[in-house]
Amino acid sequence: MSTATDTIDEFVQSDYKYGFVTDVESESAPPGLNEDIIRLISAKKNEPQFMLDWRLKAYRHWLTMKEPAWPQVKYPPVDFQATIYYSAPKQRGDAPKSLDEVDPKLLETYEKLGIPLRERGRLAGVAVDAVFDSVSVGTTFKAQLAEKGVLFCSFTEAVQEHPELVKKYLGTVVPHTDNFYAALNSAVFSDGSFCFIPKGVRCPMELSTYFRINAAKTGQFERTLIVAEEGSHVSYLEGCTAPMRDENQLHAAVVELTALDNAEIKYSTVQNWYPGDAEGRGGIYNFVTKRGLCKGRNSKISWTQVETGSAITWKYPSCILQGDNSVGEFYSVALTNHRQQADTGTKMVHIGKNTSSTIISKGISAGRGQNSYRGLVKIQKSAENARNFSQCDSMLIGSKCGAHTFPYIEVKNTTSRVEHEATTSKIGEDQIFYCNQRGLSTQDAVNMIVNGYCKEVFKQLPMEFAVEAQKLLGVSLEGSVG
Amino acid sequence: MKLLNQPILEIKDLHAGVEGKKILQGVNLVIRPGEVHAIMGPNGSGKSTLAAILAGREGYDVTAGEVLYEGKDLLELDPEIRAREGVFLAFQYPVEIPGVNSTYFLKAALNEVRKHRGLTELDAVEFLALVKEKMKILALREDFLKRPVNEGFSGGEKKRNEIFQMAVLEPKLAVLDETDSGLDIDALRIVAEGVNKLKHADNAQLVITHYQRLLDYIIPDFVHVLADGRIARTGDRKLALELEEKGYDWLLKHELASA
């Protein structure tokens, strides 16, 4: 008799669908990091002096910092002098003025990734900024958005076209001194997306950025800045993939969100960086700082993340609830299979009165994956009647994986209320057998059980992506038990 | 080719155990279409082991004997294939699957079964029509369909859900493992009536129970007493009543004396 475990073992090799390399001529900086490289990046981007000064300040600060050792992840030291900090596909002549002028090979790449950069078809209601290695190669729907006053463009373009906005908001939520990787990013970031939603505007479509690492030995350091003015509303989504390579590649991004009075930002991530193979060779090191500032009264920032990729994930999308009555939310599904490691969670810092936050974290560990939730709920003295509810669930699939929970709670105001619930469950052989006994295969059973477990998070995703996320989870789970 | 009046299930000299411990030691049983069999026995006699082996649960070692299902070697088949072939187990402890909608679950299950039988898959509308019909058998409320599988169900609701699933999946052989346990008398009646409505000339039911009271509602054609891993006695319904009156000890002593 073949057992359920045998059946599951048959799925051992799951394919990473996005592991191809685009053969495109690129222009790269030599490996290594020093002030000349930073000047080169700044010059390539034709940046104003204030940007170069800011980068150099960050770099000099970074030199004084040490890589954090506290995350619950293990990896050999990163050689920062072996990484290439700038790589861009070569362009003939001037930068492309419209999508029609973008290198067809690049368009084809995004087509293959399921993100067609055409303003019609499946993603007709979603504006996309496509970032390829160190640069943005195109942004769709710019004209339509501009009609509403919404600015959505690459960071490089924002520095040229709207330097006053960049200067006003850059580094205000994540300062260049914030942490080791944020400092590194501030020094060398090469592109990213910029969104500005003016007062009272409800952004007419989903905005999204699709990050693709292509070149070998190259790190990707992008920066996203979203500002929602009074009473505005925006929903933003980012997606990420990279080729399969045997060496590890570094991705250290910074995302800063600012919401003014009555504004709402919904930020969703479907992270599918190459996770490495079953033996743990290769994969992306994803060391990311994401933070949102609810600056205004009644503002709201909501993070939803589905993390299935990367060899190592180190990421804590956070909310600073400064405005009175502001709301922060964090919904997360983090899956580690094979030898992936994730240390992820959130920080909710309550400063304003009547601020409230919700944390729903669903960790799934399979294979030899290690999954940690790390979260901080901090209620400052000023935060009268603050509320937090946290729920951190861990699911184990198989017996060689691990789940860890590190909740930190600091309360300095006695009128506040903080609730924390945590569960750990093993995906039951009982549950799988029950499904089998009704005619479902083991893989279908695992997918169904895990999707049910993640339901609370998936329902937060924009419709177009909820289905994708479910499918992605299914693919990532192949070979997960045994 | 199906033979006329071919048994649905034939168990021949089945020996099985868990981790070296012998539990079943030579079980023989033949179940034909249209029959209802009851297996009774004291705790630890191997009743639930037999159910688990028929459904294909992991962790049991079959050391000798064979089980034929419609003439095929049942033990060779994976659990999901057995289910698709028409073997249904109503669980003693139905499993909760949080977040998975009951309708979605059951539709996926039914379509696997239908595909296996060469039938077209049902779409959402067709499925809902079917399900509403079947819900009447178990007197279930409609909000039941929107709830996650068994999550937050009372003991009685879980057991009713098992029989409801059985009604939808239309098995050839239904094995009811202690379906009466944890049910009050009203719930017991609803569940038993549901089971009786699902009985017809082409299928069979194997009812496993510790107590006689379920057999007041589900009338068996045969009653078998399992003791020490063997069927110690086979009779009709009267045997169950006799057991109720005199207890299992009476039978076991009696068997010992005649041995």
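To keep things clear, this report deals only with the structure shown in the data block. Since this is a predicted model, take the numbers as computed values, not measurements.

## With respect to the environment of histidine 338 of chain A
Counting through the fold element by element, histidine 338 of chain A comes out in the loop between β17 (327-336) and β18 (341-350). A sequence separation of 63 residues divides histidine 338 of chain A from cysteine 401 of chain A, and the C-alpha atoms of the two residues are 8.6 Å apart.

## Structural notes on helix α4 (residues 124-137) of chain B
All names here are of chain B. Here α4 is 14 residues long and its end C-alpha atoms lie 21 Å apart, about the 20 Å a rise of 1.5 Å per residue gives. Next to the buried residues of α4 lie α3 (102-116), α5 (155-169) and α6 (185-198). The N-capping residue of α4, defined by a side-chain oxygen 3.1 Å from the backbone nitrogen of valine 125, is aspartate 123. Looking one or two residues beyond α4, the residue adopting positive phi is alanine 139, at roughly 50°.

## Things to note about the sheet that holds strand β1 (residues 9-18) of chain B
Through backbone hydrogen bonds, the strands of a sheet pair up, either in parallel or in antiparallel fashion. Residues and elements named next belong to chain B. Strand order across the open sheet formed by four strands is β2-β1-β4-β5, with antiparallel pairing between neighbours. The sheet is open, and its two edges are formed by β2 (21-31) and β5 (72-73), each paired on a single side. In the sheet, β1 pairs with strand β4 (residues 61-69) via seven bridges, with the strands oriented antiparallel. Bridge pairing links leucine 9 to tyrosine 69 in β4.

## Notes on the sheet that holds strand β10 (residues 204-209) of chain B
Residue and element names in this part refer to chain B. Pairing within the open sheet is mixed, and its six strands lie in the order β6-β9-β10-β3-β11-β12. Lying at the two open borders of the sheet, with one neighbouring strand each, are β6 (87-90) and β12 (230-235). Strand-to-strand twist of the sheet, defined as the mean angle between neighbouring strand axes without regard to direction, takes the value 20°. One ladder, built from four bridges, connects strand β3 (residues 36-40) with strand β11 (residues 222-227); its direction is parallel. Paired with methionine 40 across the bridge in β11 is valine 225. In this fold α5 packs onto β6, β9 (173-177) and β10, with an angle of close to 165° to the strand it touches most, β6.

## Focus on the packing of aromatic side chains
Residues and elements named next belong to chain A. Evaluated as defined, the whole model comprises 23 aromatic pairs over all chains. Between tyrosine 267 and tryptophan 303 the ring centres are 5.0 Å apart and the planes differ by 55°, which places this aromatic pair in the tilted class. Taken together, the residues span a long stretch of sequence, with tyrosine 267 in strand β12 (residues 264-271) and tryptophan 303 in strand β14 (residues 300-307) at a distance of 36 residues. The pair formed by tyrosine 267 and tryptophan 303 is uniform in burial state, with each residue classed as buried. Pairing tyrosine 285 with phenylalanine 287 gives two aromatic rings, centres 5.7 Å apart and planes at 25°, and the pair type is stacked.

## Quick word on the interface of chain B and chain A
Contacts between the two partners involve 35 residues from chain B and, on the opposite side, 24 residues from chain A. Summed over both partners, the interface of chain B with chain A comes to about 2,500 Å²; 59% of that surface belongs to carbon and sulfur atoms. Between chain B and chain A we count two salt bridges in total. Note that arginine 438 of chain A is salt-bridged to glutamate 162 of chain B, the shortest N-O span being 2.6 Å. Counting across the chain B and chain A interface gives 12 residue pairs in polar contact (both at pLDDT 80 or more). Elements supplying a minimum of two residues to the side of chain B that touches chain A: α2 (79-85), β6, β7 (97-101), α3 and α5 of chain B. Looking at the side of chain B that touches chain A element by element, the count peaks at six residues for α3 of chain B. Its residues assigned to classes, the side of chain B that touches chain A shows 21 nonpolar, five polar and nine charged.

## Quick look at the packing of α5 of chain B against α6 of chain B
Residues and elements named next belong to chain B. Running from N to C, α5 and α6 point in directions that differ by 10°, and their axes come no closer than 10 Å. One element, α5, and the other, α6, form an angle in the roughly parallel class. Side by side, α5 and α6 meet where Lys159, Arg160, Ile163, Met166 and Ala167 of the first sit next to Ile190, Val191, Gly194, Val195 and Leu198 of the second. Residues belonging to the contact of α5 with α6 are distributed by class as follows: seven nonpolar, one polar and two charged.

## Describing the environment of glutamine 92 of chain B
Residue and element names in this part refer to chain B. Positionally, glutamine 92 belongs in the loop between β6 and β7. A sequence separation of 70 residues divides glutamine 92 from glutamate 162, and the C-alpha atoms of the two residues are 9.4 Å apart. Looking at glutamine 92, its side chain comes within polar contact range of the side chain of tyrosine 93, at 3.3 Å.

Analysis parameters
- Residues numbered from 1 in each chain as written.
- Chains lettered and ligands numbered in written order.
- Predicted model: local features only at pLDDT ≥ 70, side-chain atom pairs only at ≥ 80, totals over all residues.
- Heavy atoms only, no water.
- Helix = DSSP H or I, 4+ residues; strand = E, 2+ residues; numbered from the N terminus.
- Expected span 1.5 Å × (residues − 1).
- Contact = heavy atoms within 4.5 Å.
- Polar contact = N/O pair within 3.5 Å; in protein donor to acceptor, adjacent residues only side chain to side chain.
- Pairing = 2+ DSSP bridges.
- Axes fitted to C-alpha atoms, helices over the stretch in contact; angles between N-to-C directions.
- Phe/Tyr/Trp six-rings, centres within 6.5 Å; stacked < 30°, edge-to-face > 60°.
- Buried < 20%, exposed > 50% of the residue type's maximum accessible area, 1.4 Å probe, protein only.
- Buried area = accessible area lost by both parts, 1.4 Å probe.
- Salt bridge = Lys/Arg side-chain N within 4 Å of Asp/Glu carboxyl O.
- Nonpolar A, V, L, I, M, F, W, Y, C, P; charged D, E, K, R; others polar.
- Parallel < 35°, antiparallel > 145°, perpendicular 65-115°, else oblique.

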